[in-house]
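Residues per chain are reported as follows:
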Amino acid sequence: MTMPSPQASGNSYTFDGTASARDRRPVGIALLGYGTVGSEVLRLLKSNEETLEHRIEGPIELKGVAVSDASKPRTGVDPELVTEDAMGLILRDDVDVVVEVIGGIEYPRKLVLAALEAGKSVVTANKALVAAHADELARAADEHGVDLYYEAAVAAAIPVVGMLRRSLAGDQIQRVSGIVNGTTNFILDAMDSTGAEYSETLAEATELGYAEADPTADVEGHDAASKAAILASMAFHSRVKFADVSCEGITQITAEDIEAAKEAGYTIKLLAICEKIVDASGQPAVSARVHPALVSREHPLASVSGSYNAVFVEAEAAGNLMFYGNGAGGAPTASAVLGDVVGAARNKYLGGRAPKDLTYAQLPLAQFGDVPTRYHIDLRVHDRVGVLADLAATCASRGISLKAVRQEEDYEVNGHRAARLILVTHTAREQDLADFVANLVESDDVLEVSSVIRLAD
Ligand code: NDP
Ligand code: HSE
């Protein structure tokens, strides 16, 4: 077999291959965005050009690259391919597949809808867009018989979308959970190993290309919540949107919390948890939530370092599966984007379709208050007789069972002799635990509730 040789075609890159492939009109690609991800997509598109054509079974051709400012100096792209007119590029007759790596919601939504309605398949890495508008986009793709791919939108290089859409399509999934944001994992890991505050490490994560254009989306948990919405929708065949996900970020986590966790044998991770639960009325419901959690240092998640991600899937027949790898950064994300480009371009030639978003189950959303969880509570109480008895009575009145109580003496809070109490609860309803903490805050015995962090299972 002879290897194909790339040929220049006007201002486009052509992937020329076998005789039969050469007879076909190349699948035209429009790349929207040339930032951290887009520039890596084009680098890989060029460096892998020989093999891509074999995998696609036909040639592809880059028709243009849309950016916000075409006058910026750029490496790795022919300046004549660069345009500020993204819509004009999408609507060209010779564009068949649109790759959206701009980010944001409203503007890319307009572009992606226009592309789908014009009969072009779309590949996007944009989890915020998919988590907010998946129904509308999937409907447009269906109506126009084209593909909507978004493997890179969740955990970048880790193929979780394909795994849920295809590989586990014959199974029943009970739970999908894990670390799905590289920036916050990088920050928490650095805080754990150096004792630094989170703001000190955020700049480094941004510089390395992990953080979103506005890193608030990462540290407030919104990026992970978008991914949780996508995972829950696929796992439970029910539409879950970003706004449906209960979300707490890492901005309240202090170096002191990390130190206290360490002393107790834990590390703190930002977890996304998607599960099917039985709600207060006894019916199955979907819960999707994101929050920091204490993870035992012996748990495999504790060793997920830097910007790495890890996703656990608990399925009825397959059992427990764990996926680990690069969850952020230009090249890992571009790898997932290109995998989708291969799928979309192959379908243009061979007539197949990408697996669809199926939401036939339409399970209701669980109330966050009904979700089963465990709390680790660190508080300062008056060091006097009767405090533990009062505490036990408060627990009993709320139906909260304590798994462990640890007491340390010789503290002082605002001139009062204090003891430090660490309470670890058994599993209870989120709302009952939250009410219990509210009771503690109001109690005369309690001087201060220093931290409340959920415990990972
Ligand atoms: P960047 O901010 O690095 O790049 C954005 C690109 O979009 C830039 O080239 C910018 O142009 C261009 N752009 C912005 N506005 C417009 C516009 N109005 N018209 C045309 N082009 C525009 O973002 P990333 O590459 O980091 O992220 C892109 C997408 O990929 C996002 O949806 C993100 O969530 C997702 N993603 C990112 C990952 C990562 O690790 N970075 C991982 C997984 C997904 P210009 O160059 O002129 O500024
Ligand atoms: N900002 C995201 C992260 C990029 O840190 O995980 C990958 O989606």
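Just so it is clear, the model here is predicted, and its values are computed rather than measured.

J.: Any details on the nonpolar core? Residues and values, ideally.
T.: Among the nonpolar cores identified, the biggest contains 74 residues, and Val-160, Ile-173 and Leu-231 are the most heavily contacted of them. Ranked by residue count, the leading element in this core is helix α11 (residues 222-236), at ten residues. Residues Leu-31, Tyr-34, Leu-42 and Leu-52 belong to the second largest nonpolar core, which totals 35 residues.

J.: Which residues make up the site of ligand 2, and what values go with them?
T.: In the region of ligand 2, the neighbouring residues are Lys-127, Asn-181, Gly-182, Thr-183, Tyr-210, Ala-211, Glu-212, Asp-218, Asp-223, Lys-227, Gly-327 and Ala-328. Within the contact set of ligand 2, an oxygen atom lies 2.7 Å away from a side-chain nitrogen or oxygen of Lys-127. Take Lys-227: an N or O atom from its side chain is 2.7 Å from an oxygen atom of ligand 2. In isolation ligand 2 has 250 Å² of accessible area, and contact with the protein removes 95% of it. Those elements that place two or more of their residues in the shell around ligand 2 are α8 (182-194) and α11. In terms of residue class, the shell around ligand 2 is made up of three nonpolar, four polar and five charged.

J.: A description of the side chain of Asp-445 should follow, citing residues and the corresponding values.
T.: Within the fold, Asp-445 resides in the loop between α15 (430-442) and β20 (446-455). Using a relative accessible area of 10% as the deciding quantity, one classes Asp-445 as buried. Setting aside its immediate chain neighbours within four residues, Asp-445 contacts Val-381, His-382, Arg-384, Val-387 and Asp-390.

J.: Mind laying out the UniProt feature "domain: ACT" (unreviewed entry) in the chain, listing which residues take part and the relevant values?
T.: When the UniProt feature table is mapped to this numbering, "domain: ACT" (unreviewed entry) covers residues 376-454. End C-alpha to end C-alpha, residues 376-454 measures 6 Å, and it is 32% helix and 51% strand.

J.: Before we move on, can you summarise the site of ligand 1 with the specific residues and values?
T.: Close to ligand 1 lie 24 residues; Tyr-34, Lys-72, Arg-74, Glu-212 and Gly-329 are nearest. Within the backbone of Gly-35, one N or O atom sits 3.1 Å away from an oxygen atom of ligand 1. Lys-72 places a polar side-chain atom, nitrogen or oxygen, 2.6 Å from an oxygen atom of ligand 1. Protein chains shield 82% of the accessible area of ligand 1, which is 900 Å² for the free molecule.

J.: An account of the packing of aromatic side chains is needed here, citing residue identities and associated values.
T.: Counting across every chain of the model gives two aromatic pairs. Judged by centre distance (5.2 Å) and plane angle (10 degrees), the rings of Tyr-308 and Tyr-324 are stacked. In this pair, Tyr-308 is assigned in strand β13 (residues 308-315) and Tyr-324 in strand β14 (residues 319-326), connecting sequence segments 16 residues apart. Of the residues examined, Tyr-308 reaches a relative accessible area of 30% and is grouped as partly exposed. Taking the relative accessible area as the measure of exposure, Tyr-324 reaches 45% and is therefore partly exposed.

J.: Can you tell me about unusual backbone geometry, naming the residues and giving the values?
T.: The phi torsion at His-237 lies on the positive side, around 50 degrees, for a residue other than glycine. Here His-237 lies in the loop between α11 and β10 (246-247). Residue classification places His-237 among the partly exposed residues on the basis of a relative accessible area of 23%. The residue Asp-410 is not glycine, and still its phi comes out positive at about 65 degrees. By secondary structure assignment, the location of Asp-410 is in strand β17 (residues 402-413).

J.: How would you sum up the pairing of strand β3 (residues 27-32)? Please name residues and give values.
T.: For β3, the buried fraction is high: six of the six residues fall into the buried class. Judged by which residues are buried, β3 turns out to be covered on both faces: Val-27, Ile-29 and Leu-31 on one side and Gly-28, Ala-30 and Leu-32 on the other are all buried. When β3 meets strand β6 (residues 97-100), the two strands line up parallel, connected through four bridges. Opposite Ala-30, over in β6, you have Val-98 as the bridge partner.

J.: I'd like a rundown of helix α7 (residues 160-167), residues and numbers included.
T.: Summarising burial for α7: six of the eight residues are buried, a large majority. If you check which residues of α7 are buried, you get Val-160, Val-161, Gly-162, Met-163, Leu-164 and Arg-165. Where α7 is buried, its residues touch β8 (148-149), β9 (173-179), α11, β13 and β14.

J.: Residues and numbers for α15, please.
T.: Here α15 contains 13 residues, and its C-alpha end-to-end distance of 19 Å stays within 8% of the 18 Å for a straight helix at 1.5 Å per residue. Among all positions in α15, only Glu-430, Leu-433, Phe-436, Val-437 and Leu-440 are buried. Angular distribution of buried residues about the axis of α15 spans 125 degrees; they occupy a single face of the element. Tucked into the core, α15 has its buried residues touching β15 (372-373), β16 (375-382), α14 (387-398), β18 (416-425), β19 (428-429) and β20.

J.: An account of the pattern of salt bridges is needed here, citing residue identities and associated values.
T.: This model, assessed by the stated rule, comprises 33 salt bridges. Residues Asp-135 and Arg-239 are paired through a salt bridge, measuring 2.9 Å at the closest nitrogen-oxygen approach. With a gap of 104 residues between them, Asp-135 in helix α6 (residues 127-143) and Arg-239 in the loop between α11 and β10 connect regions that are remote in the sequence. The closest approach of N and O atoms between Lys-356 and Asp-142, which form a salt bridge, is 3.4 Å. Placement of the pair is Lys-356 in the loop between α13 (330-350) and β15 and Asp-142 in helix α6, with a sequence separation of 214 residues. Overall, the relative accessible area of 44% leaves Lys-356 in the partly exposed class. It is possible to trace a salt-bridge network through shared partners that takes in Glu-263, Asp-378, Arg-380, Arg-406, Glu-408 and Arg-420.

How each quantity is defined
- Residues numbered from 1 in each chain as written.
- Chains lettered and ligands numbered in written order.
- Predicted model: local features only at pLDDT ≥ 70, side-chain atom pairs only at ≥ 80, totals over all residues.
- Heavy atoms only, no water.
- Core = buried A, V, L, I, M, F, W, Y, C linked by side-chain atoms within 4.5 Å.
- Buried < 20%, exposed > 50% of the residue type's maximum accessible area, 1.4 Å probe, protein only.
- Helix = DSSP H or I, 4+ residues; strand = E, 2+ residues; numbered from the N terminus.
- Near = heavy atom within 4 Å.
- Polar contact = N/O pair within 3.5 Å; in protein donor to acceptor, adjacent residues only side chain to side chain.
- Areas by Shrake-Rupley, 256 points an atom, 1.4 Å probe, with all protein chains shown as cover.
- Nonpolar A, V, L, I, M, F, W, Y, C, P; charged D, E, K, R; others polar.
- Contact = heavy atoms within 4.5 Å.
- UniProt positions renumbered as here; feature names shortened; annotations may be inferred.
- Phe/Tyr/Trp six-rings, centres within 6.5 Å; stacked < 30°, edge-to-face > 60°.
- Pairing = 2+ DSSP bridges.
- Expected span 1.5 Å × (residues − 1).
- Arc of directions from axis to C-beta.
- Salt bridge = Lys/Arg side-chain N within 4 Å of Asp/Glu carboxyl O.

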